Amino acid sequence: MQIINILLFLILGAYSLAGIITAGKIKSTADYYVMSEKAPTLFLVGSLCASYMSAVTMGAGAGEAYARGPIMMLLTGPLGAWCGMIIAVLFIGRRLKALGCYTLPDFFTKRFSSREVTFVATLIMIVGLLLYGISQLMAAGYVLSSVTGMTYGTLILIFVITLLLFCVPAGMWGVMLTDTLMFVPILIGSLILCPMILNNIGIENFTTNLPAALDNFWLRGGFENKPISWSVSQFLVWMMFFACSPMVISRVFPARNDFAVIKACLISVPLIAVMVTLVYITAGAMNVTDAVVPYSDAIMVTAYTTQIPGWLGAIGIVAIICAIISTASSLFSIVGFGLSRDLYNISGNIDDDTERENIKRGRIAQAVVIIFAGIIAYLAPITIYNLSVFASAIFAVGWLPVIFLALVWPRMNSLAAFSGMSVGITSLCILTLLTNNGVIVWPSWMNLYLLSIILAFVATISMGLLFRPTHQEMDCYYRILNTHLSDLMTKELRRFPGALETLLREYRSTKRTAWATFILFVSFWVLLLVWII
């Protein structure tokens, strides 16, 4: 416990110091919101991976893998999430970056020029990300109170102070830098410590005792009574959740160029798949140990503290802390940006303010969001997993139909966007209440999230067919159609000497990254199968 506490304060202190030092780089709003679009591939990979490995992955998801077996867990929600990440980064994120968006609500402003649409879109983002971020703080307090000896409230206070120190002063610079730093212990915890735990459990337990401890462990495990249609519906839901996740899409905006975005996606998604696979298999393997697991969400804490030496276990706990805090910092920073930039721009004219005033307003908004989230997390109003799933659903039903159709459909208009978001969120809330009170019992092939998304699509398309878009909306649609991030990058490179050599070098680097990632990813799965068999 003492080693864990020492490491906890050292790590949080180091990240806070990094955020404060990075504040010196903030000279303009572009620095604060998108790092003046200077983020290299390393920062993008570190932030995407660290933000994904959240309390849901290391806590609730691992707990489900422990209780039901890892295979179907990996082939439903996580697989859908990985596919959704690819859509978010390569299809949506790159197009929005090409339009010059600093935040996601910027897209609604540019596409529809409607204050009502931008207001609803920003409100959806703020509420959804706040709920998801609060679930991260709650998880940190619950999971770590048992291994640190500190109370839940004390831990929440510590994490709030830490977030204030590295989110508020430096904005996106602070978040991206600390995400990348936090990615290091997360990588160690999953790629090094999890195999050590599995080796300690032993190969014999994998081949004989695990199937006995959990029927059908290497196949459907605890999901054997669920039909395939249930698995498909879970895959679709999580894919839609992540396809329009602000946490994923916003990581594209600070990218240095299009090659950095493509390489980050090529590296991040397979790497996340490997890390999550090792975490979930480790969680499932804990079924054959004698370790006492207080509750399923704490399975990785139990694995790190009972299956490997104490100082290594402490590093594993730090990995869990970093996974939670990195996700929370990403979420709260986006909410702060929404308050200070998007909502303010609706009520006033942000262009009339000086750079100094804009940065100051951004910092105040960041502080307000983090303190408010800390208070709500301290009150702990709802279970962590339910809160995180509901928060993710808000974006799937409120944003996905509108953003997707706004990018590909010329008849999309502001009335259709407003109707789609309103119907999606309203149906989600009503169906959630009816489901929780037992009024509706869903068949295996349908759930309240899928139905809400379908209703949002129907409402959006119907209003798009009934009402014609304005000339301004049509102009914006064709500008989106003809604006490509790769073209903008090429145009930018032409301003400097040696543009062709730079372009060829970046192309070859991206090609090598793709092949290396493919070879390493296939090798991992082959080695894993050989080891299991």
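Just so it is clear, the structure is predicted and the values come from calculations on it, not from any experiment.

Reading guide: rules and limits
- Residues numbered from 1 in each chain as written.
- Predicted model: local features only at pLDDT ≥ 70, side-chain atom pairs only at ≥ 80, totals over all residues.
- Heavy atoms only, no water.
- Helix = DSSP H or I, 4+ residues; strand = E, 2+ residues; numbered from the N terminus.
- Buried < 20%, exposed > 50% of the residue type's maximum accessible area, 1.4 Å probe, protein only.
- Areas by Shrake-Rupley, 256 points an atom, 1.4 Å probe, with all protein chains shown as cover.
- Axes fitted to C-alpha atoms, helices over the stretch in contact; angles between N-to-C directions.
- Parallel < 35°, antiparallel > 145°, perpendicular 65-115°, else oblique.
- Left-handed = near helix turned anticlockwise from the far one by under 90°.
- Contact = heavy atoms within 4.5 Å.
- Core = buried A, V, L, I, M, F, W, Y, C linked by side-chain atoms within 4.5 Å.
- pLDDT = per-residue confidence, 0-100.
- Salt bridge = Lys/Arg side-chain N within 4 Å of Asp/Glu carboxyl O.
- Phe/Tyr/Trp six-rings, centres within 6.5 Å; stacked < 30°, edge-to-face > 60°.
- Nonpolar A, V, L, I, M, F, W, Y, C, P; charged D, E, K, R; others polar.
- Polar contact = N/O pair within 3.5 Å; in protein donor to acceptor, adjacent residues only side chain to side chain.

**Let's talk about the overall build of the protein chain**
Each helix and strand in the protein chain was counted, giving 24 helices and 0 strands. A total of 533 residues make up the protein chain; the buried ones form 58% of that total. For the protein chain, the accessible area works out to roughly 21400 Å², and carbon and sulfur atoms hold 68% of it.

**A word on the packing of helix H19 (residues 400-408) against helix H21 (residues 448-466)**
In contact at an axis separation of 9 Å, H19 and H21 are set at 40° when each is read in the N-to-C sense. What the angle tells us is that H19 and H21 run oblique. Classified by chirality, the crossing of H21 by H19 is right-handed. Facing H19, whose interface residues are Pro401, Val402, Phe404 and Leu405, H21 presents Ile453, Ala456, Phe457, Thr460 and Ile461.

**Quick notes on the nonpolar core**
In this structure, Phe107, Phe108, Phe159, Tyr304 and Trp399 are the most contacted members of the largest nonpolar core, which totals 173 residues. Those residues in contact with Phe107 that lie beyond four places of it in its chain are Leu96, Leu99, Cys101, Ile403, Ala406, Leu407 and Ile480.

**Topic: the environment of Ile201**
Tracing the backbone shows Ile201 in helix H10 (residues 171-201). Ile201 gets classed as buried once you look at its relative accessible area, which sits at 8%. Setting aside residues up to four positions removed in sequence, Ile201 forms contacts with Ala285, Met286, Val288, Thr289 and Gln307.

**A short note on unusual backbone geometry**
Backbone geometry places Met35, a non-glycine residue, at a positive phi of 55°. In this structure, Met35 sits in the loop between helix H2 (29-34) and helix H3 (41-52). Phi at Glu37 takes a positive value of approximately 55°, unusual for a residue other than glycine. Here Glu37 lies in the loop between H2 and H3.

**A word on the confidence of the model for the protein chain**
Per-residue pLDDT for the protein chain has a mean of 82; in total, 88% of the residues score no lower than 70. Within the protein chain, the element-level pLDDT minimum falls on helix H11 (residues 203-213), averaging 66, and the maximum on H3, averaging 92.

**Regarding the pattern of salt bridges**
If you walk through the whole model with that rule in mind, you get 3 salt bridges. The residue Lys97 makes a salt bridge to Glu37 at a minimum N-O spacing of 2.6 Å. Of this pair, Lys97 sits in helix H6 (residues 77-98) while Glu37 sits in the loop between H2 and H3, and the two are 60 residues apart along the sequence. Assessed through its relative accessible area of 36%, Glu37 is described here as partly exposed. Notably, a salt bridge pairs Arg94 with Asp258, separated by 2.7 Å at the nearest N-O pair. On the criterion of sequence distance, the pair formed by Arg94 in helix H6 and Asp258 in helix H14 (residues 258-285) is long-range, its members being 164 residues apart. Take Asp258: its relative accessible area is 3%, and that puts it in the buried class.

**Description of the packing of aromatic side chains**
Considering all chains together, one arrives at 13 aromatic pairs under this definition. Judged by centre distance (5.9 Å) and plane angle (65°), the ring pair of Tyr32 and Phe337 falls under edge-to-face. Remark: Phe337 occurs in helix H16 (residues 310-347) and Tyr32 occurs in helix H2; sequence separation between them is 305 residues. Judged by its relative accessible area of 0%, Tyr32 falls in the buried class. Taking the centre distance of 5.1 Å and the plane angle of 75° together, the rings of Trp238 and Phe241 count as edge-to-face. Of this pair, Trp238 and Phe241 both sit in helix H12 (residues 228-243), 3 residues apart, which is roughly one turn of that helix.

**Thoughts on the side chain of Ser329**
Checked against the element boundaries, Ser329 lands in helix H16. Take Ser329: its relative accessible area is 0%, and that puts it in the buried class. Not counting residues up to four positions away in its chain, the partners in contact with Ser329 are Leu163, Phe166, Cys167, Val175 and Asp179.

**Structural notes on helix H7 (residues 104-112)**
Summarising burial for H7: 7 of the 9 residues are buried, a large majority. Within the span of H7, buried status applies to Leu104, Pro105, Asp106, Phe107, Phe108, Arg111 and Phe112. Backbone geometry just after H7 places Ser113 at a positive phi near 50°.

**Quick look at the packing of helix H8 (residues 115-148) against helix H20 (residues 414-436)**
Where H8 contacts H20, the two axes come as close as 9 Å, and the packing angle between them is 30°. The angle between the axes of H8 and H20 places the two elements in the roughly parallel class. Taken as a pair, H8 and H20 cross one another with a handedness that is left-handed. Residues Glu116, Val117, Val120, Ala121 and Ile124 of H8 form the contact with H20, whose own contacting residues are Ser414, Ala417, Phe418, Met421 and Ile425. Here the contact of H8 with H20 is composed, by residue class, of 8 nonpolar, 1 polar and 1 charged.

**Some details on the side chain of Asp31**
With respect to the helices and strands, the residue Asp31 is situated in helix H2. Of note is the side chain of Asp31, whose polar atom sits 3.0 Å from the backbone nitrogen of Lys27. Aside from chain neighbours lying at most four places away, what touches Asp31 is Lys25, Ile26, Ser36 and Trp173.

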